[in-house]
Amino acid sequence: MSFPITAGLLDACVLSMLSHDDTYGYELTQKLHESLQVSESTLYPVLRRLQSSAFLRTYDVPHQGRNRRYYAITDDGRAKLNEFREDWDEFRGRIDDFLRSDS
Amino acid sequence: MDRLTYLTELTKALSGLGASDRENALAYYGEYLAEAEATAEGELDASAILGSPRTLAAQIKADIAMGDSEPTIAPAPLPSTGDENPVAPGTQSEPIGEAPPGMPAGAASSIPAGVPAGVPSQSTPKKSEMGVVWTVVLALLAIPVGVPLAIALIAVVFALFVTLGALLFSLAAVVVAFLVAAILCGLVGIYLLFADFVTGLFYLGTSLVTMGLCILFGMAFWQLGKLCIQGVAHLLNTIRKRLTQRERNPS
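On a predicted model such as this, the values are computed, not experimentally measured, just so you know.

Engineer: What am I meant to see in the overall build of chain A here?
Structural biologist: Helix and strand content of chain A: four helices and three strands. Burial analysis of chain A (103 residues in total) assigns 36% to the buried set. At a minimum sequence separation of 6, the contacts of chain A that also span at least 24 residues come to 51%.

Below, the structure is given as structure tokens:
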């Protein structure tokens with residue numbers, strides 16, 4: 001892909017994925033990995049950052065004799081996600097003005 | 001590299017990090033590899049997924065040391081062809097975040113180094129700030145050693161140049177002086193040949209002797225100049241070799 005994925009975009013994608021369903025690190029990474037070219041160690045710092053900003057919280061669920069750490073979006077996280085979505089619409093609009101203009 | 005070996009290596013490579021930062025990272029990647037192993041068909045090559053433990057540890061450390069500054073996202077390695085170089089993925093620099101309280105410790109039971117399970121530990125951003133401060137202090141301490149050495153070296157080479165230059169200049173001055181004297185004596189001698197023949201001959205003789213001395217000194221100047229240029233070139237070459245060797249050796 002010609003365009004790099006910035007940290008802000010990753011934050012937004014993770015928050016959006018978590019707004020539908022709580023999930024754990026591996027699954028998050030695999031979902032992201034399906035469509036974006038990110039390495040498998042990409043999400044650890046992203047999750048750290050989002051958690052320290054209180055956009056995410058975690059809880060552990062026992063699974064096959066060990067714990068799975070699930071990530072859930074907080075109210076602050078949802079607010080942030082809305083902010084990201086608005087920003088994205090504006091950003092996309094500006095780029096579209098160039099890329100999609102026929103004149 | 002199998003999962004447990006990988007985590008042991010990662011634990012080793014993460015030493016030097018604060019205890020909670022280390023545990024959080026180990027817990028996350030311990031869980032991650034356990035999940036990967038559960039879904040993998042056959043043997044799991046942990047370093048093919050996450051890159052070498054050292055690289056991953058360096059990434060984690062960098063993220064923590066950089067605190068909350070803006071991270072950069074590196075693209076993923078191209079899709080695996082099956083038997084790629086196990087160190088290839090994950091060698092990129094990674095996003096950066098400040099240390100949050102309590103990252104997953106879920107898979108801690110799979111970590112050999114006795115990491116407590118399920119207890120999110122607190123990590124303060126102060127610790128990482130201190131890390132940056134220490135790094136800067138160390139860098140500042142390291143600079144004054146290198147800079148005066150370089151200045152001294154440059155000063156010595158410069159002094160050598162000035163000395164050799166002065167020597168060559170003085171020789172050149174002597175040669176020119178002899179040449180001027182020889183020409184003047186010759187002219188005066190020719191003039192006096194018609195007025196006072198004997199004195200004229202004396203002057204002509206002096207002119208020839210001076211001319212000879214001029215040629216001798218000229219040859220000395222020429223040889224010395226060649227020697228100087230060769231010597232300086234050799235010296236600079238030696239210094240260059242020493243410097244590049246010193247850069248190569250410690251790494």
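Right, picking up where we left off after that structure.
Engineer: I would appreciate a short explanation of the environment of arginine 78 of chain A in the present structure.
Structural biologist: All names here are of chain A. Mapped onto the elements of the fold, arginine 78 is located in helix H4 (residues 75-99). For arginine 78, a count of 14 C-beta atoms within 10 Å gives the class partly exposed. Arginine 78 has contacts with Ser19 and Ile73, leaving out every residue within four places of it along the chain.

Engineer: Teacher, can you tell me more about the pairing of strand S2 (residues 56-63) of chain A here?
Structural biologist: Within a regular strand, side chains alternate between the sheet's two faces. Both S2 of chain A and strand S3 (residues 66-73) of chain A contribute to a ladder of eight bridges, which runs antiparallel. If you follow proline 62 of chain A over to S3 of chain A, its bridge partner there is asparagine 67 of chain A.

Engineer: Help me out: how do you make sense of helix H1 (residues 3-13) of chain B in this one?
Structural biologist: Helical geometry note: an α-helix holds 3.6 residues per turn, so side chains three or four residues apart project in the same direction. Residue and element names in this part refer to chain B. Among all positions in H1, only Arg3, Tyr6, Leu7, Leu10 and Thr11 are buried. Along H1, the residues classed as buried sweep out an arc of 135 degrees about the axis, all on the same side. Where H1 is buried, its residues touch helix H2 (19-39), helix H3 (46-50) and helix H4 (53-65).

Calculation criteria
- Residues numbered from 1 in each chain as written.
- Chains lettered and ligands numbered in written order.
- Predicted model: local features only at pLDDT ≥ 70, side-chain atom pairs only at ≥ 80, totals over all residues.
- Helix = DSSP H or I, 4+ residues; strand = E, 2+ residues; numbered from the N terminus.
- Buried ≥ 20, exposed ≤ 12 C-beta atoms within 10 Å, placed from the backbone.
- Contact = placed C-beta atoms within 7 Å.
- Pairing = 2+ DSSP bridges.
- Arc of directions from axis to C-beta.

Remember, this is a structural readout, not a statement about activity or role.
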